[in-house]
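So the chains spell out like this:
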Amino acid sequence: MKVNLKIVRSQRRLSNLFRGILSDNPVLVGGMALPFLVVPAVSLQNGVALFCAMLLIHLPTVLVLFFLRKFLPDWSRVMVIPVVASLFLIVAYYGIQPLSPYISDSLGIYFSLLPACSMIFAGCSHMLEERKPALGKTLLRNLCNVIGFGLVACIVGGIREFFGTGTLWGRPMGLSGISSFQMAFAGFLLVGFLAVGARLLHRLVLRLGGGVPKKLLKEAAREVPKHD
Amino acid sequence: MNLTVRRAPHIRISETNRTLMVDMIISLVPLYIMAYLYYGIRALYLGVWGILVAVAADCAGVLLRREKLNVRDLSSVVTGMMVPLLLPASISYTTVAVAVLFGILVAKQPFGGVGQNIFNPTAAGIAFVTLSWPNQVLRYPTPLAELELFGDVTAQLSESPAYALKMGGVPIIDPIDMLLGNFKGPMGATYILVIAACLLYLLVRRTVRWNVAIPFLGVVAVMALLFPRANLTWAESIAYEMFSGSLFFGAVFLINDPVTSPKHRQAQILYGVLAGVLTMLYRYFGGLEQGVVFAILIVNALSATLDKFSEVLPDLITWIRRKHGEGQSQDRSQPEKTL
């Protein structure tokens, strides 16, 4: 049993570093916030804008709800979370303007829909369901989730811009674009392939990161108690 | 009496995946011969290139999934043969390769390979290149035009009669030419007589069932009759809708794919009807004249649901009958109220 615990601890320590980014990525594993990656993430700039907007909406919403949690009955969550998130939409609007003056137009209706994103709702609900949530831990977990979302948004946006229009951040890269990459179905396909890629990478990190020597794994397999 | 114990399956039929694919290959060969006669050796080169890319991609996909290569599996050869036939003879080799790679590596292998794919690989590949390079895919050379074997084609390219129909115009094709495929269109999808003979062969061999193809063509004919797109007689409207594009080819080779079509008879009929309606809706309201592959991809996604629905259907009918019967018997048992 001693060996088993050692393995579990070393694996958990390693995977905790990437939780929300690679392992338990809200988009690639949880399937959350998919419409925002499939439709508006057609360029790297849009991907970065989505990341910034999510950061400026998600974390303040969690913070506000953390302090308001004692006054919120369970039934009111569905209404309160999007309303609080909507307040920070204005902040996000001005926050992403430095990227481009037309960036919010480029994101279209999906920018206004960000407060209703399932990722924000899940993050807040998780915190509200905890008995004694720790502020630092809650913020760190949500920050990891936002980074995970932003990473996927930037990769999807970058790939779609590169192959779709032959540019990257608006600069020509000497390629003629394939128009289908700008369509929604290409976004779905890319997210699917990225999910597979992230899973492979996670396994590779666990294997190469060296948390678990092969000898320990063999011993662990031998010592796992059988449940009747 | 001597009884010998043997392992399942106890009922065996001679039909296998290999025999089905061999039948498909046999029926595709005449189309390549016709393509060779109309467009020269380039048509055959495109076919060989498609097969090579398909087989290589399939092998790569199987190895990536860490499975054993099945040398007897010919499904990738069929995909590789069908893709160039749905494209113009002037298409570049790169486009053929992209279509085949998309079909195999995106629509087939990620779902588990042969027998597991939800979407028809050929339809997926053609849909992808149609959306990506519409100018290249939807512009065709004139039959009997001289086409270069490699590099850019210098022959004049123009739209097919299906495009004229899409724009509300009246395509002018001699009926004999239409039957023989002597008009602009996909490299292997315009030879109506040959494709009809292939359909007959496949029906006799039971490689394809009438349950899908006939309802599909029937719905298309009825819709063409009821809602003609141009100022045409009813016979012309039906003929042009069915034979001026790749619809007839799709009805024989794409929609009958045993993997992506439903397994139950009622579901197959419904599947064919739905595909026909969707194809015509694409033609009426879609932006491209190539509607059949998109319609097939949509009904592919509904295939499993239709199968489930057909399983529930007899129970549903029995339940409705019983309810109806109960209602009637209750009505009879209650005496009529008289004032």
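Note: the structure precedes this text.
Predicted, not measured: the structure shown is a model, and the values here were computed from it. (Residues numbered from 1 in each chain as written. Chains lettered and ligands numbered in written order. Predicted model: local features only at pLDDT ≥ 70, side-chain atom pairs only at ≥ 80, totals over all residues. Heavy atoms only, no water.)

Caption draft 1: View of the interface of chain B and chain A. In this complex, chain B contributes eight residues to the contact, which on the side of chain A involves eight residues. Taking both partners together, chain B and chain A bury about 620 Å²; carbon and sulfur atoms supply 76% of that area. Viewed at the interface, chain A and chain B are joined by zero salt bridges. Those elements that provide at least two residues to the side of chain B that touches chain A are α4 (93–105) and α5 (121–132) of chain B. With three residues, α5(B) is the single largest residue contributor to the side of chain B that touches chain A. Of the residues belonging to the side of chain B that touches chain A, the class tally is seven nonpolar, one polar and no charged. (Contact = heavy atoms within 4.5 Å. Buried area = accessible area lost by both parts, 1.4 Å probe. Salt bridge = Lys/Arg side-chain N within 4 Å of Asp/Glu carboxyl O. Helix = DSSP H or I, 4+ residues; strand = E, 2+ residues; numbered from the N terminus. Nonpolar A, V, L, I, M, F, W, Y, C, P; charged D, E, K, R; others polar.)

Caption draft 2: How the structure looks around the pattern of salt bridges. Residue and element names in this part refer to chain A. Taken as a whole and assessed by the stated rule, the structure comprises nine salt bridges over all chains. A salt bridge links D74 to R77; its shortest N-O distance comes to 3.2 Å. When its relative accessible area of 14% is taken as the criterion, R77 is described as buried. Here E130 ties to R141 by a salt bridge, and the two come within 3.7 Å at their closest N and O atoms. Pair noted here: E130 is in the loop between α7 (118–129) and α8 (135–165) and R141 is in helix α8, with a separation of eleven residues, a long-range link. For R141, a relative accessible area of 25% corresponds to the partly exposed category. Each member of the salt-bridge network shares a partner with another, and the members are D74, R77 and E129. (Buried < 20%, exposed > 50% of the residue type's maximum accessible area, 1.4 Å probe, protein only.)

Caption draft 3: Representation of a nonpolar patch on the surface within the structure. Residues and elements named next belong to chain B. Residues V29, I33, Y36, L37, I41, Y45 and F150 make up a contiguous nonpolar surface patch of roughly 670 Å² in combined accessible area. When residues of the nonpolar patch are traced back to their parent elements, those giving at least two are α1 (17–39) and α2 (41–64). When residues in the nonpolar patch are grouped by element, the largest group, four residues, is from α1. One can find L37 in helix α1. (Patch = residues over 30% accessible without salt bridge, like charges linked within 9 Å, V, L, I, M, F, W, Y side chains within 5 Å. Areas by Shrake-Rupley, 256 points an atom, 1.4 Å probe, with all protein chains shown as cover.)

Caption draft 4: Local environment of the packing of aromatic side chains. Applying the stated criterion across every chain yields a total of 18 aromatic pairs over all chains. Ring geometry for F181(A) against F128(B): centres 6.4 Å apart, planes inclined by 80 degrees, an arrangement best described as edge-to-face. Residue F181(A) is located in the loop between β2 (171–172) and α9 (184–208), and its partner F128(B) is located in helix α5; the two belong to separate chains. In this structure, F181(A) and F128(B) share a single accessibility class: buried. Following the ring pairs from residue to residue traces out a cluster consisting of F162(A), F163(A), F181(A), F185(A), F102(B) and F128(B). Positioned above the aromatic ring of F66(A), the side-chain terminus of R69(A) is 4.4 Å from the ring centre. (Phe/Tyr/Trp six-rings, centres within 6.5 Å; stacked < 30°, edge-to-face > 60°. Lys NZ or Arg CZ within 6 Å of the ring centre and 35° of its normal.)

Caption draft 5: Structural view of the packing of helix α3 (residues 44–68) of chain A against helix α4 (residues 77–96) of chain A. All names here are of chain A. Interhelical geometry of α3 versus α4 gives an angle of 140 degrees and a closest axis separation of 8 Å. Classed by the angle they form, the pair α3 and α4 counts as oblique. Considering only the axes of α3 and α4, their crossing is right-handed. Touching A49, C52, A53, L56, I57, P60, T61, V64 and L65 of α3 are V80, I81, V84, A85, F88, L89, V91, A92, G95 and I96, all from α4. Per-class residue counts for the contact of α3 with α4 are 17 nonpolar, two polar and no charged. (Axes fitted to C-alpha atoms, helices over the stretch in contact; angles between N-to-C directions. Parallel < 35°, antiparallel > 145°, perpendicular 65-115°, else oblique. Left-handed = near helix turned anticlockwise from the far one by under 90°.)

Caption draft 6: Molecular detail of the state of the cysteines. Residue and element names in this part refer to chain A. As enumerated under the stated definition, the model contains zero disulfides over all chains in all. Sulfur of C154: no disulfide; nearest cysteine sulfur belongs to C52 and is 8.0 Å away. The class for C154 is partly exposed, based on a relative accessible area of 22%. (Disulfide = S-S within 2.5 Å.)

Caption draft 7: Geometry of the nonpolar core. L28(B), L31(B), M187(B), F216(B), F249(B) and F253(B) are the most contacted members of the largest nonpolar core, which totals 98 residues. The leading source of residues in this core is α1(B), at ten residues. The contacts of M187(B), once residues within four sequence positions are left out, are Y32(B), A35(B), Y39(B), A43(B), L46(B), P84(B), L85(B), L87(B), P88(B) and A89(B). M54(A), L72(A), V84(A) and I103(A) belong to the second largest nonpolar core, which has 42 residues in total. (Core = buried A, V, L, I, M, F, W, Y, C linked by side-chain atoms within 4.5 Å.)

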